[in-house]
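What the coordinates show
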Amino acid sequence: MGSSTLLTEDEITAALAALPHWRRSGDSITRTADAEDFPSAIRVVNAVADAAERLNHHPDIDIRWRTLTFVLSTHSAGGLTGLDFQLAALIDQAFERA
């Protein structure tokens, strides 16, 4: 699912079903979650930064004390691709480890 090809609506629906913390917002998916504290939030962001670099696919990140919001979309493709869902799963893993 790491392709940069636009997904169909059915593929997006199926991918979101496997990622219950994420919701659709137009041509993006988003997740907001609280870390235990600010240092934990930054550890999550650092883990996500490493994963994003490996994939060469970077999220929009909003940091508000311990609340993090991630927004994913493949702008070069004009919508959602497998890369977005691959990175979303890695973001979920970063939260689980924090």
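For the structure, check the block above.
In this report, the structure presented in the accompanying data block is examined. Every value quoted in this text rests on a predicted model; they were computed, and no experiment measured them.

**Remarks on the overall build of the chain**
- Along the backbone of the chain there are 3 helices and 4 strands.
- Along its sequence from the N terminus, the chain presents helices and strands in the succession α-β-β-α-β-β-α.
- Taken over the C-alpha trace, the chain has a radius of gyration of 13 Å; the compact-globule value for 98 residues is 13 Å, and the two agree within 12%.
- Dimensions of the chain, computed from the C-alpha atoms along their principal axes, are close to 40 × 25 × 20 Å.
- Split into buried and exposed, the 98 residues of the chain put 41% on the buried side.
- Counting contacts in the chain only where the partners sit at least 6 residues apart, residues at least 24 apart contribute 68% of the total.
- Of the roughly 5,500 Å² of accessible surface on the chain, a fraction of 49% belongs to carbon and sulfur atoms.
- In the chain, 8 positive and 14 negative side-chain charges are present, and the distance between their average locations comes to 6 Å.

**Describing the environment of Pro39**
- With respect to the element layout, Pro39 can be found in helix 2 (residues 38-55).
- We classify Pro39 as partly exposed; its relative accessible area is 46%.
- As a C-alpha pair, Pro39 and Ala18 span 21 residues in sequence and 28 Å in three-dimensional space.

**Let's talk about the sheet that holds strand 4 (residues 67-72)**
- Taking strand neighbours across the sheet as the criterion, the 4 strands line up as 1-2-4-3 in an open arrangement whose pairing is antiparallel. Across the chains shown, the open sheet's two edge strands, defined by having one partner strand only, are strand 1 (23-25) and strand 3 (60-64). Each adjacent strand pair in this sheet contributes to an overall mean axis angle of 25°, direction not counted.
- Sheet topology places strand 1 next to strand 2 (residues 28-34); 3 bridges connect them, and they run antiparallel. Each bridged residue has a counterpart across the sheet, and for Arg23 the counterpart in strand 2 is Thr30.

**A look at the pairing of strand 2**
- The buried fraction of strand 2 amounts to 5 of the 7 residues, a majority that puts the element mostly inside the structure.
- The turn joining strand 1 and strand 2, which pair antiparallel and follow one another in sequence, is formed by 2 residues; a positive phi near 65° is taken by Gly26.
- With 6 bridges joining them, strand 2 and strand 4 adopt antiparallel strand pairing. The residue bridging Arg31 from the neighbouring strand is Phe70, located in strand 4.

**Looking at the pattern of salt bridges**
- Taken as a whole, this structure holds 3 salt bridges when the rule is applied.
- The shortest N-O distance in the salt bridge between Arg31 and Asp92 comes to 2.5 Å. In this pair, Arg31 is assigned in strand 2 and Asp92 in helix 3 (residues 82-97), connecting sequence segments 61 residues apart. For the pair Arg31 and Asp92, a shared accessibility class is recorded, and that class is buried.

**Comments concerning the nonpolar core**
- Counting 25 residues, the largest nonpolar core has Trp22, Ile29, Phe70, Phe85 and Ile91 as the members making the most contacts within it.
- Those elements giving two or more residues to this core turn out to be helix 1 (9-17), strand 2, helix 2, strand 4 and helix 3.
- The contacts of Phe70, once residues within four sequence positions are left out, are Trp22, Ile29, Thr30, Arg31, Val44, Val48, Pro59, Asp60, Ile61, Ile91 and Phe95.

Thresholds, definitions, all that
Residues numbered from 1 in each chain as written. Predicted model: local features only at pLDDT ≥ 70, side-chain atom pairs only at ≥ 80, totals over all residues. Heavy atoms only, no water. Helix = DSSP H or I, 4+ residues; strand = E, 2+ residues; numbered from the N terminus. Rg over C-alpha atoms; globule rule 2.2 N^0.38 Å. Buried < 20%, exposed > 50% of the residue type's maximum accessible area, 1.4 Å probe, protein only. Contact = heavy atoms within 4.5 Å. Areas by Shrake-Rupley, 256 points an atom, 1.4 Å probe, with all protein chains shown as cover. Lys, Arg positive; Asp, Glu negative; His and termini not counted. Charge placed at Lys NZ, Arg CZ, Asp CG, Glu CD. Pairing = 2+ DSSP bridges. Axes fitted to C-alpha atoms, helices over the stretch in contact; angles between N-to-C directions. Salt bridge = Lys/Arg side-chain N within 4 Å of Asp/Glu carboxyl O. Core = buried A, V, L, I, M, F, W, Y, C linked by side-chain atoms within 4.5 Å.

Keep in mind that these numbers describe shape and distance, not what the molecule does.
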